[in-house]
Amino acid sequence: MNDFIFKENELYCEDVPVRKIASEVGTPLYLYSLATLKRHFNVFDESSKALNSIVCYSVKANSNISLLHFLFKMGWGADIVSGGELFRAIKAGVDTRKVVYSGVGKTESEIEFALEADILMFNAESLSEVFLIDRTAGRLNKKARISFRVNPDVDPKTHPYISTGLKKNKFGINIKQAVQAYETAAKLPNIDIVGLDCHIGSQLTEISPFNDALKIIKELLFKIIAKGMDIKYLDLGGGLGITYENEMPPHPSTYINSVKKILEGYKGQVIFEPGRLIVGNSGILVAKVVYNKNTGSKNFIITDGGMNDLIRPALYEAYHEIVPVLKREGPRLKVDIVGPICESADFFGKDRVLNPVEEGDFIAVFSAGAYGFSMSSNYNSRPRAAEALVDKDKFYIIRKRETYEDLIDKEIIVNP
Ligand SMILES: *Cc1c(COP(=O)(O)O)cnc(C)c1O
């Protein structure tokens, strides 16, 4: 986070005062540091070279096409979960032969789009899906490269809403049915089996669930290779956690070296799908203090940013560090930092002890680069925030603030 730092009493993003950008662009505002993004890219990219691997950035973490463009330009591919993400990735210049497609509910038109784009492989999550991919490929006179996403039934020890590799989760196929699924798929005329895939969850802060899952997957890998399947790609998903508060997640090189050790003897390529790790701490959400409010029992800072802009606290009870952009002298106060939305879950932080803020000041919500803007909505008819990217002493608007007109742009009044 050293690109978001205080110089004297003022928060900077690289060489630009956050206050300057927020005053010019308005709030709420997502602000990204290119230096941080580059650093995270480099750490993972360097670490991944320990193995013969392809890195497919998980587009859903932050799908702004400017950030995507940077990562694709540096040679990474994309992990997508919808036709819309494929469209974005193509617009941002992805090499479609480095695109893997995850998700339990791929529709026929999405499958068709991905086949036309000639993506690297579909990470299929059910046999029904493989049957549909086979029929669609046949109709288009194409062959579809697939892997099965296998659910190893390992507890990732993360928030239940972002755990995906337990047998009660909807994701992947049951590991006990995997061999049979591969044998069935191998008989289909338009399917080319090329991979095996696994993704057990997000914001993992320990290495042991990764290792446990990989050992289980490895056993299956060699079993299906022995059955004659040509597994060129072993996709290990994403999920490495980041520091929001005081978590100490494993370093990417620790993780990748342990993958390398466990995979001894595997000749194919490994695919990684990092998301949060790359963008999470590259971005902050800046909001303006609209009111200071004291209800007699509690102090509230009410900002012009809300849960529609950043839903993680409401959805996962996620912790985000919050600081006033301008550090003022005075007694620190225990406050809840909340938004204007008509929901009690509309908060960014509770019972935080902050330096005093005045109405009109800005606050920064840290670690908001992943699952921030990409999960934002228009709830309460709030135009979505602007996004800006800082590079040293310059900043660029990479998504304009939505307008009121945008809110009703697709709507039609009828008088039946
Ligand atoms: C969300 C997701 C990722 C990225 O997860 P992070 O925790 O952001 O690294 C990777 N692969 C799949 C299949 C996903 O659903």
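Residues numbered from 1 in each chain as written. Predicted model: local features only at pLDDT ≥ 70, side-chain atom pairs only at ≥ 80, totals over all residues. Heavy atoms only, no water.

1. Some details on the domain arrangement of the chain
On domain assignment, one finds that the chain holds domain 1 (4-32 + 280-407) and domain 2 (95-274). On a C-alpha basis, the centroid separation for the pair domain 1 and domain 2 is 36 Å. Taken residue by residue, the interface counts 11 residues in domain 1 and eight residues in domain 2. Taken over both partners, the interface formed by domain 1 and domain 2 buries close to 810 Å², and the fraction arising from carbon and sulfur atoms is 57%. (Domains from an automatic or database assignment. Contact = heavy atoms within 4.5 Å. Buried area = accessible area lost by both parts, 1.4 Å probe.)

2. Some words on the environment of Leu-333
You can see Leu-333 is positioned in strand β17 (residues 333-338). A C-alpha to C-alpha distance of 8.0 Å links Leu-333 and Asn-299, two positions 34 residues apart in sequence. (Helix = DSSP H or I, 4+ residues; strand = E, 2+ residues; numbered from the N terminus.)

3. Quick notes on the side chain of Glu-14
In this structure, Glu-14 sits in the loop between β2 (10-13) and β3 (16-17). One buried charged residue, Glu-14, remains without a salt bridge, the closest side chain of opposite sign being Lys-392 at 6.4 Å. (Buried < 20%, exposed > 50% of the residue type's maximum accessible area, 1.4 Å probe, protein only. Lys, Arg positive; Asp, Glu negative; His and termini not counted. Salt bridge = Lys/Arg side-chain N within 4 Å of Asp/Glu carboxyl O.)

4. Focus: the site of the ligand
Inspection of the region around the ligand gives 15 residues, with Lys-60, Ser-202, Glu-273, Arg-276 and Tyr-371 positioned closest. Taking Tyr-371, its side chain carries an N or O atom lying 2.6 Å from an oxygen atom of the ligand. Considered on its own, the ligand offers 390 Å² of accessible surface; in the complex 95% of this is hidden by protein. One can see that the ligand is located within the largest pocket. (Near = heavy atom within 4 Å. Polar contact = N/O pair within 3.5 Å; in protein donor to acceptor, adjacent residues only side chain to side chain. Areas by Shrake-Rupley, 256 points an atom, 1.4 Å probe, with all protein chains shown as cover. 1 Å grid on protein atoms, 1.4 Å probe; cavity = no way out; pocket = protein on both sides within 12 Å on 5 of 7 lines; lining within 4 Å. Sits in = over half its atoms within 2 Å of the grid points.)

5. Examining the layout of surface pockets
One number sums up the size of the largest pocket: a volume of about 600 Å³. What lines the largest pocket is a set of 32 residues, among which Lys-60, Val-81, Thr-164, Phe-171 and His-199 lie closest to the centre. Here the lining of the largest pocket is built from residues that sort into 12 nonpolar, 10 polar and 10 charged. Domain assignment of the residues forming the lining of the largest pocket places at least three in each of domain 1 (4-32 + 280-407) and domain 2 (95-274). (Points joined across faces, edges and corners; volume = space filled by probe spheres on them. Nonpolar A, V, L, I, M, F, W, Y, C, P; charged D, E, K, R; others polar.)

6. A closer look at the nonpolar core
With 100 residues, the main nonpolar core has Phe-122, Phe-148 and Leu-196 as its most contacted residues. If one sorts the elements of this core by residue count, helix α8 (residues 208-226) sits on top with seven residues. Each of domain 1 (4-32 + 280-407) and domain 2 (95-274) gives at least three residues to this core. In this structure, Phe-122 is in contact with Tyr-101, Lys-106, Ile-111, Ala-114, Leu-115, Ile-133, Ala-144, Arg-145, Ile-146 and Ser-147, ignoring residues within four places of it in sequence. (Core = buried A, V, L, I, M, F, W, Y, C linked by side-chain atoms within 4.5 Å.)

7. Side note on the packing of aromatic side chains
Within the structure shown, the criterion is met by 11 aromatic pairs. Relative to Trp-76, the ring of Phe-41 has its centre 4.6 Å away and its plane inclined at 45°; by these criteria the two rings are tilted. Taken together, the positions of Phe-41 in helix α2 (residues 34-48) and Trp-76 in the loop between α3 (65-73) and β6 (77-80) put the pair 35 residues apart, joining distant regions of the chain. The two residues Phe-41 and Trp-76 agree in class, both being buried. Pairwise contacts between aromatic rings join Phe-41, Phe-44, Phe-70, Trp-76, Phe-210, Tyr-255 and Phe-272 into one cluster. For Lys-327, the ring lying beneath its charged end belongs to Phe-6, and the centroid distance is 4.4 Å. (Phe/Tyr/Trp six-rings, centres within 6.5 Å; stacked < 30°, edge-to-face > 60°. Lys NZ or Arg CZ within 6 Å of the ring centre and 35° of its normal.)

8. So, the packing of α2 against helix α9 (residues 252-262)
Where α2 contacts α9, the axes come no closer than 9 Å and their chain directions differ by 20°. By the angle between their axes, α2 is roughly parallel relative to α9. Here the hand of the crossing between α2 and α9 comes out right-handed. Touching Val-43, Phe-44, Ser-47 and Ser-48 of α2 are Pro-252, Ser-253 and Ile-256, all from α9. Tallied by class, residues from the contact of α2 with α9 come to four nonpolar, three polar and no charged. (Axes fitted to C-alpha atoms, helices over the stretch in contact; angles between N-to-C directions. Parallel < 35°, antiparallel > 145°, perpendicular 65-115°, else oblique. Left-handed = near helix turned anticlockwise from the far one by under 90°.)

9. Side note on the pattern of salt bridges
Within the structure shown, the criterion is met by 23 salt bridges. A salt bridge links Asp-45 to Lys-49, with the shortest nitrogen-to-oxygen separation between them at 3.0 Å. You can call Asp-45 buried: its relative accessible area is 15%. Judged by relative accessible area, Lys-49 falls into the exposed class, the value being 54%.

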